Amino acid sequence: DYNYWEPKATILDTLKFNQSATTIGNNELLIIHNDEFKRLVKKKKGEKVKKWKGDLPAYTDIQFPAGNEYAFFTKNEGHVSSIWFAVKEGKKWLQPIQLPEEINTGTFNGNPYYVSDKNLLYFSSDRNGSKDLFVAKLDLENNKVEDIVPLDIINTPNYDEINPVLKSGSFYFSSNGHANFGGFDLFESKDLMTLNGIVTPRSAINMGKPFNTNKDEFSIDKEQGQFIIERSFYTGQKWFIRMNPLQQEDTIYYEIKKVDLSEHVD
């Protein structure tokens, strides 16, 4: 219900970046911080921190699980995207490491979401043609994949599933293959199954309005009761939308009656 949520939106290109930044590895990777948005960008030696604009940078999908002790991101080189991670040692970030071939198979592997207490990495990959979702159990210390499972129950043939998130007992993702309002919509699954330590969704439902519109909703995350959505309009502009549940003080009760229509026919 639109009346239950108070959306606040900002165009991504107009977000104001502060001057805080974290260097990863050999000073070529710089995490530019904003109060509501983080993105990994490539930094040339001696270049000052600048507002990100224009085309997507070479490094995207930055995620900081485990209290900022790890950083996962997608590295885009030409038409090939792969998933990397970096480890923080003290106050210093070590050189980024590419995840094994079991993860980085195909031309696109991205949208990493790591659940640190379960050692699970959810990600999207085009290894089967369209973009599907997978989950891998990782041994990060040795950079090894212990197991990898496709999320076949929610993956759709010939369509794309992207941006998985497992948080607060729910699994979220975006898809243009399930029943939707148009383009990519956001989906949620609270029906989860755990087998051999791997958590997978057993079903998914469209989150409906106001989360979804006839535009593209690419990603969703939940922070302290708020939902954060990335939405794209047909103009090509991308919006960063924060939705807060409103406090409803009044409750309206409805009485439902069964009506015999034959009594009202002339």
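Just so it is clear, the structure is predicted and the values come from calculations on it, not from any experiment.

Participant: Would you explain the side chain of Asp132 in this entry?
Facilitator: Along the chain, Asp132 falls in strand β12 (residues 130-139). Buried charge without a partner: Asp132 forms no salt bridge, and the closest opposite charge is Arg127, 8.1 Å away. Residues within four places of Asp132 in sequence aside, it is in contact with Phe123, Ser124, Ser125, Asn155, Thr156, Tyr159 and Glu161.

Participant: Any chance you could explain the nonpolar core here in plain terms?
Facilitator: Proteins that are soluble and globular tend to have nonpolar side chains buried together. Judged by nonpolar contacts, the single largest core of 25 residues is most densely connected at Tyr122, Phe171, Phe211 and Ile220. With 3 residues, strand β15 (residues 170-175) is the single largest residue contributor to this core. With 13 residues, the next largest nonpolar core counts Phe72, Ile83, Ile103 and Ala136 among its residues.

Participant: Honestly, the sheet that holds strand β1 (residues 5-11) in this entry has me stumped. Any pointers?
Facilitator: Taken in spatial order, the 4 strands of this open sheet run β1-β22-β21-β20, and their pairing is antiparallel. Each edge of the open sheet carries a strand with a single partner, namely β1 and β20 (216-223). Taking the axes of each pair of neighbouring strands and ignoring which way they run, one obtains an average angle of 20° across the sheet. Pairing between strand β21 (residues 226-232) and strand β22 (residues 238-245): 6 bridges, direction antiparallel. Bridge pairing links Phe227 to Met243 in β22.

Participant: For this particular structure, what's the right way to read the environment of Lys91?
Facilitator: The residue Lys91 is located in the loop between β7 (80-89) and β8 (92-93) in this model. Placed 69 residues apart in sequence, Lys91 and Thr22 show a C-alpha to C-alpha distance of 9.9 Å.

Participant: I keep staring at the sheet that holds strand β11 (residues 120-128) and nothing clicks. Help me out?
Facilitator: The strands that make up a sheet are held in pairs by hydrogen bonds between backbone atoms, and each pair lies either parallel or antiparallel. With antiparallel pairing, the 4 strands of this open sheet are ordered in space as β10-β11-β12-β13. Bordering the open sheet on either side are β10 (109-115) and β13 (144-150), each of which pairs with just one other strand. Across the sheet, the mean angle from the axis of one strand to that of its neighbour is 30°, orientation sign disregarded. As paired elements, β12 and β13 share 6 bridges and run antiparallel to each other. Across the sheet, residue Val135 finds its bridge partner in β13, namely Val149.

Procedures and definitions
- Residues numbered from 1 in each chain as written.
- Predicted model: local features only at pLDDT ≥ 70, side-chain atom pairs only at ≥ 80, totals over all residues.
- Heavy atoms only, no water.
- Helix = DSSP H or I, 4+ residues; strand = E, 2+ residues; numbered from the N terminus.
- Buried < 20%, exposed > 50% of the residue type's maximum accessible area, 1.4 Å probe, protein only.
- Lys, Arg positive; Asp, Glu negative; His and termini not counted.
- Salt bridge = Lys/Arg side-chain N within 4 Å of Asp/Glu carboxyl O.
- Contact = heavy atoms within 4.5 Å.
- Core = buried A, V, L, I, M, F, W, Y, C linked by side-chain atoms within 4.5 Å.
- Pairing = 2+ DSSP bridges.
- Axes fitted to C-alpha atoms, helices over the stretch in contact; angles between N-to-C directions.

No statement about biological role is implied by the geometric values presented.
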